[in-house]
Amino acid sequence: MDFLQTPAGTLISLLSLLLLLSTCSGLYEDQIKKFDWRSVHVGSLKHAYVDLNHFQPRVLLSTHEQVIGSLCPKTGEIIWRQVLEKKPRGDIKLLQVSGFADDSSDTAAAPMGSHLGFDMMTVQGHAPALVRGWNTNIGTIEWEWSIMPLNTERAQDAVWFYSNSILYHVVPAWRSHIEVTSYFATSGHTTGSTSKIMAAWINPESCLLSGSFYVCLDGKQLISLDLVAKSTQVIATSLSAEPRSKIHDLPGLSGVLIVDKKLVSVNKDQAVCPDLSSDSYIVGSFNSRKVIAYADLINNMLNINAVYLEDCSPVPELHLSVAFAEHYGAPTLRSFDCKSKRNSDGKNCLFLLSTSAESIVAVQQGRVRWTREESLANVIDTQFLDLPLADTEGTLENEMKGKAGDIATAFMRRITTQALQIKSLFLHVIGLGPPPTATQRAGLVRDSFGLHKMLVLLTRSGKIFGIDNIAGKHHWKLYLPNVAGFENSEQMRLIVQRSSKHFPLQPLCAIVAKSAVSNGNGVLFRFNPITGQASEGGLLQLNYKIKQLALLPETEEDYVKGILILDGANKVHVEPKHATPLAHGMYLYTADLKTAELEGYYVKYAGGELSALPIWNVRLGGHNSEQQIISVASKNPIEHVHSQGRVLGDRSVLYKYINPNLVAFVTQAPDATHKSVLNLYLIDVVSGSVIFSMTHRKVRAPLHIVHSENWLAYSYFNDKVRRTEITTIELYEGSAQANNSVWSSLQAPSMPLVERQSYIIPTIVEAMRETITERGITNKHVLIGTASGGIVEMPWHLLDPRRPISSTTQGREEGAIPYIPELPLPTENYINYNQTVARLRNIYTAPSGLESTCLVVATGLDIFVTRVAPSKTFDLLKEDFDYILISIVLVVLTSGSLIVRHLASRKLLKQAWK
């Protein structure tokens, strides 16, 4: 008889199986979304189709962030979303939904059991161009085909249109001709040879595609071609005046354009209503008749009207007027659809709009049904702000800030404060107390550990959000129209001028941007980050261009940090003006990314005026000036360095090279031998001296860099071995410290000792950021964002460049791990577990009130907010701490000690009487 078939053998087999099973290391189920939250987005709208009469009502859309998806028309929630490839491969050229073609009878819906049709078709990219058919119910690809153009440069300007199951590929050769190739939409087979239409008048500035018509603006006339006509002829349409703005096509009508808010048709078979004048139009159907709906924003009221296309008569059923919030921006109609009501009393219509603030707004039944804040898909800067104190804490804070007097005065002040607090408590209990403030009603009060903060987000469109970092609630929104980023691809800046620590003064933030309408001059907008209200004058239009800016120390008057601005003429300005004397002795530097030229300036205050004196110049362009700066990394200005040195195995100290003025510059240039060369420079931006430089050959971007304390970590792609690598650098002064109290770049110590090492990371890096805490005591970890949307918390001891090649006694004494080139990525190190952040671009960190805890926000297409504890929560009790048990133990021990003390004294007394 086989032993395994006996009861004892079965028991042993089960025990062996249990021993082989490994335990799972991860989050408990009740911890999911307890300390974190995620906001999911689709991006700014590009194409949209509302379909309320489908068996599953939906809103199909594509966005400028290369996303296609489906929204619920009732709530605006995402039903499904597909994030396509990045630009240029994922750039959506055409979105065609079955049943929404110019001819309503033309449908390409697939018969049951076949794969020849489509619910939705997309065309994306140009080299190659990908044509895909989608199942709109679940968001899956049904079929796909692609073409690779012979001339990829011309194919970048290619456009597509769909008509009668044929897909047309239009490739312009500017000032020469147009090439048109037709394909069967579902199979990709060509219908014939490519036709070449001579058109020497086409140019990239004034040409567009309107249905099957290729139209160009030439002065006071429109020159067009019908690309599907049997005999091609040039059509000239005269205009009354030269357009003041750019012309646009009207989707849904072939050969109809919007010229200075008017409709103009170049198609003789398509009549329009020339008397209409509006900011936005859309074509749809109502009562089985084609209508043109148009929308205008007047005094924060959105007015939507419509006319029948055939006779231009109004459609009163589609008229509505809705209050439109100012923070939405300027609206543009995208699509609408109507559905009969259940009681057969008219129709219920849903209008979908996009705005200049990159919001998606749905209007239905005379009100805003729902909104989606898609500008959050393009966050460019963020700050964590402390919340204001409660009234009682603010009173105590004021008392502690009071001037020291005699003991009697301090005692009377303390008694008076407590009496007022008791009175306030009594009035609150009986219901006669003062009403809570708006911030208190919203729960915006500082907690004991400083974990509850206001998260202020600045987006690419100029929209600002105040979000609760605990719950993700949007407390306020602001929109700044006509602002943009600076030259050199520099984005707008969000600056904290005054924090919440100066009670009762309100915190103050500023947005520094470039005006999009006033010749590129600077714009300064100041606001309260807790309430979202403008303050200190609000929007300030500067009369100069901004070249560089820096933050000054706090002023004694109002604790506001001034903004030092260097304009295009190298003149210096300070906002606010009363902080101007504080700029004396400041140092500034500028970096030109294209020429790789650095310049340093000394700011001098004399005679009531500021001047910038150039003191150094560094050119990193190389002998042929081909090098370009691709990254600049400075240290976090709020960083605290807790330890000045590193203890070695022999108990000696290796002191860190901590230069607060050290900035890392990375340049890249093509090379005939090594394909691409990447150079790293560490430069003191006060003295202009190059502290260290290093060259990497056969490597290229994307490059991401972290600079903190005395170390750097940066990732790049190694072209030679086709992998992503991370190089780390540490700088040390040596065994003796030059100056342990004050650092001076003008009297800097000798060149530092440099430790460096490289590692292999088995993923593509999209972002990097170091953790930061209030005092710098906690260990430093590096947060690495991956292309898959995960965020890995990498301990610094794994990236340490001093990791020994072999295990030595000195290495073990230092706690250094033996060097292994591959960096591990265990699943338990992913701080966002299954909360993937699509298109991760940036990671921001900020300290909390707890030394052990660091606040984190990751931005991309989605937003993920959490907190990490690199050294565990050493200053916080665990949630399951048994307070009852420890209280009982303390009471028992205290009682026992008193009883034992009494018994011991009685024993001593008895012994004394013997």
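Here is a short report on the structure shown in this document. This is a predicted model, so every value here is computed, not measured.

Reading guide: rules and limits
Residues numbered from 1 in each chain as written. Predicted model: local features only at pLDDT ≥ 70, side-chain atom pairs only at ≥ 80, totals over all residues. Heavy atoms only, no water. Helix = DSSP H or I, 4+ residues; strand = E, 2+ residues; numbered from the N terminus. Buried < 20%, exposed > 50% of the residue type's maximum accessible area, 1.4 Å probe, protein only. Contact = heavy atoms within 4.5 Å. Areas by Shrake-Rupley, 256 points an atom, 1.4 Å probe, with all protein chains shown as cover. Lys, Arg positive; Asp, Glu negative; His and termini not counted. Charge placed at Lys NZ, Arg CZ, Asp CG, Glu CD. Phe/Tyr/Trp six-rings, centres within 6.5 Å; stacked < 30°, edge-to-face > 60°. Lys NZ or Arg CZ within 6 Å of the ring centre and 35° of its normal. Pairing = 2+ DSSP bridges. Patch = residues over 30% accessible without salt bridge, like charges linked within 9 Å, V, L, I, M, F, W, Y side chains within 5 Å. Salt bridge = Lys/Arg side-chain N within 4 Å of Asp/Glu carboxyl O. 1 Å grid on protein atoms, 1.4 Å probe; cavity = no way out; pocket = protein on both sides within 12 Å on 5 of 7 lines; lining within 4 Å. Points joined across faces, edges and corners; volume = space filled by probe spheres on them. Nonpolar A, V, L, I, M, F, W, Y, C, P; charged D, E, K, R; others polar. Axes fitted to C-alpha atoms, helices over the stretch in contact; angles between N-to-C directions.

## Here's the deal with the overall build of the chain
Turning to step 1, where the next piece is worked out: Along the backbone of the chain there are eight helices and 59 strands.
Turning to step 2, where the next piece is worked out: Put simply, the chain has 914 residues, and 48% of those count as buried.
Turning to step 3, where the next piece is worked out: Counted over contacts in the chain with a minimum sequence separation of 6, partners at least 24 positions apart contribute 50%.
Turning to step 4, where the next piece is worked out: Of the roughly 46300 Å² of accessible surface on the chain, 53% is carried by carbon and sulfur atoms.
Turning to step 5, where the next piece is worked out: Once the 85 positive and 85 negative side-chain charges of the chain are each reduced to a mean point, those two points are 3 Å apart.

## Notes on the packing of aromatic side chains
How two aromatic rings sit relative to each other is set out by the distance from centre to centre and by the angle between their planes.
Turning to step 1, where the next piece is worked out: Considering all chains together, one arrives at 16 aromatic pairs under this definition.
Turning to step 2, where the next piece is worked out: Arranged with centres 5.2 Å apart and planes meeting at 20 degrees, the rings of Phe 336 and Phe 351 form a pair that is stacked. Taken together, the residues Phe 336 in strand S25 (residues 331-340) and Phe 351 in strand S26 (residues 347-355) connect sequence positions 15 residues apart. The burial state of Phe 336 is the same as that of Phe 351; both residues are buried.
Turning to step 3, where the next piece is worked out: Summarising the aromatic geometry, the rings of Phe 881 and Tyr 883 are spaced 5.0 Å apart at their centres and angled 75 degrees between planes, so their arrangement reads as edge-to-face.
Turning to step 4, where the next piece is worked out: For Phe 881, a relative accessible area of 32% gives the class partly exposed.
Turning to step 5, where the next piece is worked out: One aromatic cluster in this structure is built from Phe 118, Trp 143 and Tyr 162.
Turning to step 6, where the next piece is worked out: In this structure, Arg 289 is placed above the aromatic ring of Tyr 308, and the distance from its NZ or CZ to the ring centre is 3.6 Å.
Turning to step 7, where the next piece is worked out: Across from the ring centre of Phe 286, 5.4 Å away, lies the NZ or CZ of Lys 347, which sits over that ring.

## Side note on the pairing of strand S5 (residues 78-83)
Turning to step 1, where the next piece is worked out: In this sheet, S5 lies alongside strand S4 (residues 67-71) in antiparallel orientation, the contact comprising five bridges. Looking at the pairing, Ile 68 lines up with Gln 82 of S5.
Turning to step 2, where the next piece is worked out: As consecutive antiparallel partners, S4 and S5 are separated by six residues, and within that stretch Gly 76 has a phi angle of approximately 80 degrees, a positive value.

## Thoughts on a nonpolar patch on the surface
Turning to step 1, where the next piece is worked out: Where nonpolar side chains cluster on the molecular surface, the patch consists of Leu 877, Phe 881, Tyr 883, Leu 885, Ile 886, Val 889, Leu 890 and Leu 893 and spans about 750 Å² of accessible area.
Turning to step 2, where the next piece is worked out: Mapped onto the elements of the fold, Tyr 883 is located in helix H8 (residues 883-913).

## Some remarks on empty space enclosed by the protein
Turning to step 1, where the next piece is worked out: Inspection of every chain in the model, using the stated rule, returns two cavities of 30 Å³ or more.
Turning to step 2, where the next piece is worked out: In this structure, the largest cavity encloses a volume near 50 Å³.
Turning to step 3, where the next piece is worked out: The wall of the largest cavity is formed by Phe 35, Leu 451, Asn 469, Ile 470, Leu 855, Val 865, Thr 866 and Arg 867.
Turning to step 4, where the next piece is worked out: Among the elements that make up the lining of the largest cavity, the one with the highest residue count is strand S59 (residues 863-868) (three residues).
Turning to step 5, where the next piece is worked out: Among the residues making up the lining of the largest cavity, the classes are represented as five nonpolar, two polar and one charged.
Turning to step 6, where the next piece is worked out: Of the voids in this model, the second largest cavity is the one considered here, and its volume is about 30 Å³.
Turning to step 7, where the next piece is worked out: Together, His 54, Gln 56, Arg 58, Ser 70, Ile 79, Thr 136 and Asn 137 line the second largest cavity.

## Considerations on the sheet that holds S25
Turning to step 1, where the next piece is worked out: One open sheet accounts for four strands, arranged S25-S26-S27-S28; its pairing is antiparallel. Both edges of this open sheet fall to S25 and strand S28 (367-373), since each of them pairs with a single strand only. Between one strand axis and the next, the sheet turns by 20 degrees as a mean value, whatever way the strands run.
Turning to step 2, where the next piece is worked out: The pairing of strand S27 (residues 359-364) with S28 spans six bridges and is antiparallel. By the bridge assignment for S28, Ala 362 is matched with Trp 370.

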